[in-house]
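Residue strings, one per chain:
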Amino acid sequence: IFFLSVTVFIVGAATAYYYGFIPTSIGIHSKIYTKSNIAMDGYDIVNYYLSRSAVKGTTRYSVKQNEYGWLFNSDRTYKMFKAKPQKYIPQFGGYCVYTISKGYTHPPDPKVWRLYNGRLYFFKDEETKQLALGDWMSVIENAKLHWKE
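Residues numbered from 1 in each chain as written. Predicted model: local features only at pLDDT ≥ 70, side-chain atom pairs only at ≥ 80, totals over all residues. Heavy atoms only, no water.

### Brief notes about the overall build of the protein
1) Next: Looking only at helices and strands, one finds seven helices and six strands in the protein.
2) Next: Across the 149 residues of the protein, 42% fall into the buried class.
3) Next: The long-range fraction of contacts in the protein, counting pairs at least 24 apart against all pairs at least 6 apart in sequence, stands at 60%.
4) Next: Summed over all atoms, the accessible surface of the protein reaches about 8600 Å², with 54% contributed by carbon and sulfur. (Helix = DSSP H or I, 4+ residues; strand = E, 2+ residues; numbered from the N terminus. Buried < 20%, exposed > 50% of the residue type's maximum accessible area, 1.4 Å probe, protein only. Contact = heavy atoms within 4.5 Å. Areas by Shrake-Rupley, 256 points an atom, 1.4 Å probe, with all protein chains shown as cover.)

Pasting the structure below:
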């Protein structure tokens, strides 16, 4: 029984890690959500502020900030990010803020987001966004308690 329990735990942990469901308490998640070293699935994070829309960036306008590659869809957004990267980097590394508030990471859907007080937040889906908005300040406070950079 012990062996079976350990095996189930290991398989479950590996599956959770593979899909991005990582408990924040153990601190092994990346600081920024990435796929193949490209932050935020290649979406132009400055564009959320300018046109209030999710737009993919291109390698033509790319920059490496720390160890993460960021893509932009125009020279303008590229230059804005280069001038003030911390202004545009999403809160909680771009992971779903609602799941962070519950103590684990989840990859975001870059098309489901919110700007609040000049900060960019992402969600895993529209349903989760609506849950978060129902108790927004509590979600933010709990996410701050769980987030480990």
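This is not the end of the story, as more comes after the structure.
### Focus on the pairing of strand 6 (residues 119-123)
Within a regular strand, side chains alternate between the sheet's two faces.
1) Next: Of all five residues in strand 6, four are buried, a share of seventy percent or more.
2) Next: Direction of pairing for strand 5 (residues 109-116) relative to strand 6: antiparallel, over a ladder of five bridges. Bridging from a neighbouring strand, tryptophan 113 pairs with phenylalanine 122 of strand 6.
3) Next: Hairpin connection, strand 5 to strand 6: the antiparallel pair is bridged by two residues, and asparagine 117 has positive phi, about 50 degrees. (Pairing = 2+ DSSP bridges.)

### Some remarks on the pattern of salt bridges
1) Next: In the structure shown here, the tally under the stated rule is two salt bridges.
2) Next: We note a salt bridge from aspartate 75 to lysine 79, for which the minimum N-O separation is 2.9 Å. Residue aspartate 75 and its partner lysine 79 are both found in helix 3 (residues 75-83); the two are separated by four residues, about one turn of the helix.
3) Next: Here lysine 144 and glutamate 141 are joined by a salt bridge, their closest N and O atoms 3.6 Å apart. In this pair, lysine 144 and glutamate 141 are both assigned in helix 7 (residues 136-146), three residues apart and thus about one turn of the helix distant. (Salt bridge = Lys/Arg side-chain N within 4 Å of Asp/Glu carboxyl O.)

### Points about the pairing of strand 3 (residues 58-65)
1) Next: Alignment of strand 3 against strand 4 (residues 68-72), held across six bridges, turns out to be antiparallel. Across the sheet, the residue bridging to serine 62 is leucine 71, located in strand 4.
2) Next: Counting the residues between successive antiparallel strands, the hairpin from strand 3 to strand 4 contains two residues, one of them, asparagine 66, with a positive phi of roughly 55 degrees.

### Some details on the nonpolar core
1) Next: Counting residues in each nonpolar core, the largest one holds 35 residues, and the members touching the most others are Ile45, Trp70, Phe72, Phe81 and Val97.
2) Next: Elements supplying a minimum of two residues to this core: helix 2 (45-51), strand 3, strand 4, helix 5 (97-101), strand 5, strand 6 and helix 7.
3) Next: With residues up to four places along the chain from it excluded, the contact list for valine 97 reads Phe92, Tyr121, Phe122, Phe123, Trp136, Val139, Ile140 and Ala143. (Core = buried A, V, L, I, M, F, W, Y, C linked by side-chain atoms within 4.5 Å.)

### A few points about the side chain of aspartate 44
1) Next: Looking at the element boundaries, aspartate 44 is found in the loop between strand 2 (38-39) and helix 2.
2) Next: Summary of buried charges: aspartate 44 has no salt-bridge partner, and the nearest side chain of opposite charge, arginine 76, is 9.7 Å away.
3) Next: For aspartate 44, the side chain forms a polar contact with the main-chain nitrogen of valine 46, separated by 3.0 Å.
4) Next: One polar contact links aspartate 44 to threonine 77, side chain to side chain, over a distance of 2.7 Å.
5) Next: Once residues within four sequence positions are removed from consideration, aspartate 44 is found in contact with Val55, Lys56, Gly57, Leu71, Phe72, Asn73, Ser74 and Thr77. (Lys, Arg positive; Asp, Glu negative; His and termini not counted. Polar contact = N/O pair within 3.5 Å; in protein donor to acceptor, adjacent residues only side chain to side chain.)

Geometric descriptors of this kind do not, in isolation, establish any biological role.
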